[in-house]
Amino acid sequence: MRAAVGFWIIICGFLCQASQAVAEGVDFERHIAAILVRRCAACHGATDPAGGLNLMQRDTATVGGESGLPAIAAGEPDQSNLLARIRDGEMPPEGKGESVPAAELAQLERWIKAGAAWPQDRVLSPFEFTTASRAGRDWWSLRRPDRPAIPQVRRADRVRTPVDAFVVAALEARGLELSPEADRATLIRRASLDLLGLPPSPQEIDAFIADTSADAYERLIDRLLASPRYGERWARHWLDVVRFGESNGYETNTIRPNAWPYRDWLIGALNDDMPYRQFVLEQLAGEQAGADSAAGFLVGGAHDIVGSPDIELTRAQRMNDLDDMISTTASAFLGLTVGCARCHDHKFDPIAQRDYYAMQAIFAGVQHGERELRSGDWQARHQQREELQKQRGEIVAQSRTLAARHQPLAQLGGGADGPRRPAVSARANVDRFAPTQARFVRFTVLVTSQAEPCLDELEVFATDGAAGNLAADARGAKATASSVYAGGESALHRLPHVNDGRYGNSRSWISAEPGNGWVQIELPEPATVDYVVWARDREGAFRDRLATRYQIELSEDGAAWRVVANGDDRQTYDPQAEPGDAMGLENLPPAIAEQIERLRGQIASLDKQIDELAPRQVYAGTFSKPEPTHLLYRGEPLQPREQVSPGAIASVAPAVQLAVDAPDAERRVALARWITSDDNPLSARVMANRIWHYHFGQGLVRTPGDFGFSGGMASHPELLDWLATEFLAQGGRSKALHRAIMLSSTYRQASRHIPQAAAQDAGARLLWRYPSRRLEAEPLRDSVLFATGALDIRMGGPGYDVFEPNTNYVKVYAPKKSFGPAEWRRMVYQTKPRMRQDATFGEFDCPDSSQSMARRNVSTTALQALNLLNGPFMVQQASLFAERIVREAGSEHSDQVRRAFRLALGREPDSDEAAAASALVEAQGLPVFCRALLNANEFLYLN
């Protein structure tokens, strides 16, 4: 009874303390927790606390550290060492932060005096609150965006969309205003290059200028957004973000010939205005969402293909692959530098090391590699291919039966002077002999063209061939051999392959004896047989290991053998004479030979159809059961600690709830849903900022891939939140956001310089003018081809190469010196190797695809000018431009100049320009003038 009374006295004491603390105006959660985290956690956190004092939980804070004095003595401020050290100026130590403000010290004192109420089991975290040196969970970008009210502005006449209200409000606060609207020729060029990456044609410019209807500009934007060229332009932006490359990187840097389907999927997704939730889901789990090639996102980064017996190196390679997936996913969709938490808790953002390994567990089942591309019609293609293969098999059997029945019998010991059968072939050979009763058939190799002999199939037929292959394992026939190639039983060259009914080197038997060996078939029951068909590789890919001398024996009991055929009566084998089936049509009656030729024509036609229906491969990763994921001490692959369940970043949104043994696909689907959930404050903000960034050359947040503490702050935070909520309200469809931005007065401004405004805002961050900028490499190259008339606008498929072909183990990238129509497609279709650039346009700050590039650098170098003036591509295009002008304008120089200006710059030359240009054409020729025009700033810049 006394114990119970004592317990309730203690409880009532705590309640009274809590009540008194609140009455004093001090609340632990609202005031004290923030002070302890912001002022003390850096030194006195739970991990290796200075002086042994951990101020993140009540028990350790009241006990104190190595001093033996309680840091917090409930009800006794004078006995609380924490307050004493703060008053004396000892805490925080010099260089460890600003001194505690008097108001906060007073709050601590009142709280301690009132009993230092601290909720039971409440453990503070350095991630909770933003400090002067790091972001907490209250960081601006980690707060869910609320739709802000549209501000009221004085210049309401300039507000066309809500975008303008936010921009004009910020300008008016500084005494600034929007610039006048740009002229129509500038607007259509700006919008066309912005959305399509191509300039408008002279006809399009004229039509837009002549269109005086009120909605002419709105219809222009809608037309551009509906163009298939839109996906090509905006896909290049996203390819930068996801570090897309078409080679492996590292020292070999070999090409991935089947990486391009991801690029085509992306172009299609953007053209279709795919909702953002689906856009994220397909890239993280495309094989689950019916979009196999979209998962190319996962393995779009570099991959070291050079293996090693060193387990530490192998594990490090795997960790690097996973780190690439984690870092790219986080940067692309969340705008966070999660990779910084690989070795320890993030130094600046509220991302724990455990969060990093929780995300690593999400990708633990993903491996680099190719797999079959299951497009929408893949099942129908499979079925059609199987039917064609069946037809082919029937025709092949018919052809071989005809050929075999009319072949001359093998002449044992045939002399050099007698008629000789065709030489052996790697693709197919027939040996016919007198009908003989047998249960066993043995093929013995005596000499090969090279190394151990190989057979992809040994077939045995009865007298008329109607019964089919008697040696097939499906009919109960059994194969034995003198030996099997070392490792063959676990690889491609297994004994069962010799009679499994499937052709090709990958389903073959190889002897372990150099130059010879035998394979034997036991038929399920005795039969009268009269010919054997054999080959080294019926697919024609390999010609080595071919039996050039051999013999065929039959036996009824497996003990007594009779030789029925050999190769002694064949012509001498000439490897240069390959390929071909050694069916000996020249020895057949003309009518039979003609019939077989017709059958072979059908086979060739079927082969072409079968090849066209062959399974397509895509470099989009392979998936397996995930291995357990462990937190690694200091990121060391060989120092695993506790196992970690699949998850995401706890400080961003409610946790992903997954079992430690969750299947691979379930993990990635869960991550996609977490990224695009309504509770995630980052994904919509990040995507809205990216769209703004590409329209204006810089984002509202200038670090599009980093919304953390080390990134930039939003120039217009309310506008960013409005764009993010509008993006979500429109179902995550990008084109609606394009319209909201591009229809605004802000976007339609002229780009002219205004000294008074520049004096306050030199970088135009407040958007008092449209920021002009140089075109990136891709629209620049495409614009050159567009002006010269050489542009090939075919979409999709494998890319073109601007490097000389070679087959080195370590890929050598030697730039091409000459170009033809194959290289005149848009630059988005240019095969993109890592660490190697287009010889002309790579100097214009193209990413090297080694890592995500959320924002391209903009440099100005001498090489850029030299490449545009003297590069072989530009010299060639200037000549093509001149040829086009002559075709369209005739031989009069003044007409040529006007046409060139219209095609390149979208306008007529003024009188001074026309006179100077005509003089240049007269003195140096039309190609030189064309080259100068393609180097003009007006051509290179978007205004």
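Read on for an overview of the structure. (Residues numbered from 1 in each chain as written. Predicted model: local features only at pLDDT ≥ 70, side-chain atom pairs only at ≥ 80, totals over all residues. Heavy atoms only, no water.)

1. A word on the packing of aromatic side chains
Here a ring pair, both rings aromatic, is described through the centre-centre distance and the interplanar angle of the planes.
Thought 1: Here the structure, examined in full by the defined rule, presents 31 aromatic pairs.
Thought 2: Note on F28 and W118: the rings are 4.9 Å apart at their centroids and 40° apart in plane angle, and the pair reads as tilted. Taken together, the residues F28 in helix α2 (residues 28–44) and W118 in the loop between α5 (102–113) and α6 (162–173) connect sequence positions 90 residues apart. An identical accessibility class is assigned to F28 and W118; each is buried.
Thought 3: Ring geometry for W140 against F707: centres 5.6 Å apart, planes inclined by 35°, an arrangement best described as tilted. With W140 in the loop between α5 and α6 and F707 in the loop between α18 (683–696) and α19 (717–729), this residue pair connects regions lying 567 residues apart in the sequence. Like W140, the residue F707 is buried in the burial classification.
Thought 4: Cluster of aromatic residues (ring-pair linked, three or more members): W238, F244, Y262, W265, Y276, F279, F297, F333 and F727.
Thought 5: Taking NZ or CZ as reference, R184 lies 4.6 Å from the ring centre of F208, over its face.
Thought 6: A cation over an aromatic ring shows up here: R442 above the ring of W518, its NZ or CZ 4.5 Å from the ring centre. (Phe/Tyr/Trp six-rings, centres within 6.5 Å; stacked < 30°, edge-to-face > 60°. Helix = DSSP H or I, 4+ residues; strand = E, 2+ residues; numbered from the N terminus. Buried < 20%, exposed > 50% of the residue type's maximum accessible area, 1.4 Å probe, protein only. Lys NZ or Arg CZ within 6 Å of the ring centre and 35° of its normal.)

2. What about the state of the cysteines?
Thought 1: For the structure on display, the rule yields zero disulfides.
Thought 2: No disulfide involves C43; its nearest neighbouring cysteine sulfur is the one of C40, lying 8.8 Å away.
Thought 3: Overall, the relative accessible area of 22% leaves C43 in the partly exposed class. (Disulfide = S-S within 2.5 Å.)

3. Thoughts on the pattern of salt bridges
Thought 1: All told, the structure shown has 57 salt bridges when counted by the stated rule.
Thought 2: Two residues, R856 and D240, come together in a salt bridge whose shortest N-O distance is 2.6 Å. One end of the pair, R856, is in the loop between α23 (777–788) and α24 (862–870); the other, D240, is in helix α10 (residues 228–241), with 616 residues separating them in the sequence. The burial state of R856 is the same as that of D240; both residues are buried.
Thought 3: A network of salt bridges, in which partner residues are shared, links R229, E232, D782 and R826. (Salt bridge = Lys/Arg side-chain N within 4 Å of Asp/Glu carboxyl O.)

4. Brief notes about the packing of helix α13 (residues 311–334) against helix α17 (residues 664–675)
Thought 1: For the pair α13 and α17, interaxial distance at closest approach is 11 Å and the crossing angle is 30°. Classed by the angle they form, the pair α13 and α17 counts as roughly parallel. Crossing of α13 over α17 shows right-handed handedness. Of the residues in α17, those touching α13 at T329, F333 and L334 are L671, W674 and I675.
Thought 2: Looking at the contact of α13 with α17, its residues break down into five nonpolar, one polar and no charged. (Axes fitted to C-alpha atoms, helices over the stretch in contact; angles between N-to-C directions. Parallel < 35°, antiparallel > 145°, perpendicular 65-115°, else oblique. Left-handed = near helix turned anticlockwise from the far one by under 90°. Contact = heavy atoms within 4.5 Å. Nonpolar A, V, L, I, M, F, W, Y, C, P; charged D, E, K, R; others polar.)

5. A short note on the nonpolar core
Thought 1: Counting 172 residues, the largest nonpolar core has W238, L284, W674, L723 and F881 as the members making the most contacts within it.
Thought 2: In this structure, W238 is in contact with Y262, L266, F279, Q283, A332, F333, M687 and R690, ignoring residues within four places of it in sequence.
Thought 3: In terms of nonpolar packing, the next biggest core, distinct from the first, is built from 33 residues, A471, L495, L523 and Y550 among them. (Core = buried A, V, L, I, M, F, W, Y, C linked by side-chain atoms within 4.5 Å.)

6. Overview of α6
Thought 1: Taking 1.5 Å per residue, twelve residues should reach 16 Å; α6 reaches 17 Å between its end C-alpha atoms and fits that length.
Thought 2: Looking only at α6, the buried set comprises V163, D164, A165, F166, V167, V168 and L171.
Thought 3: Contacts from the buried residues of α6 go to α18, α19, α20 (734–742) and α21 (745–748). (Expected span 1.5 Å × (residues − 1).)

7. So, the packing of α6 against α19
Thought 1: α19 packs onto α6 with a crossing angle of 170° between their chain directions and a minimal axis gap of 9 Å. It follows from the interaxial angle that α6 and α19 lie roughly antiparallel. Here P162, V163, F166 and V167 of α6 lie close against α19, whose contacting residues are E718, L719, W722 and L723.

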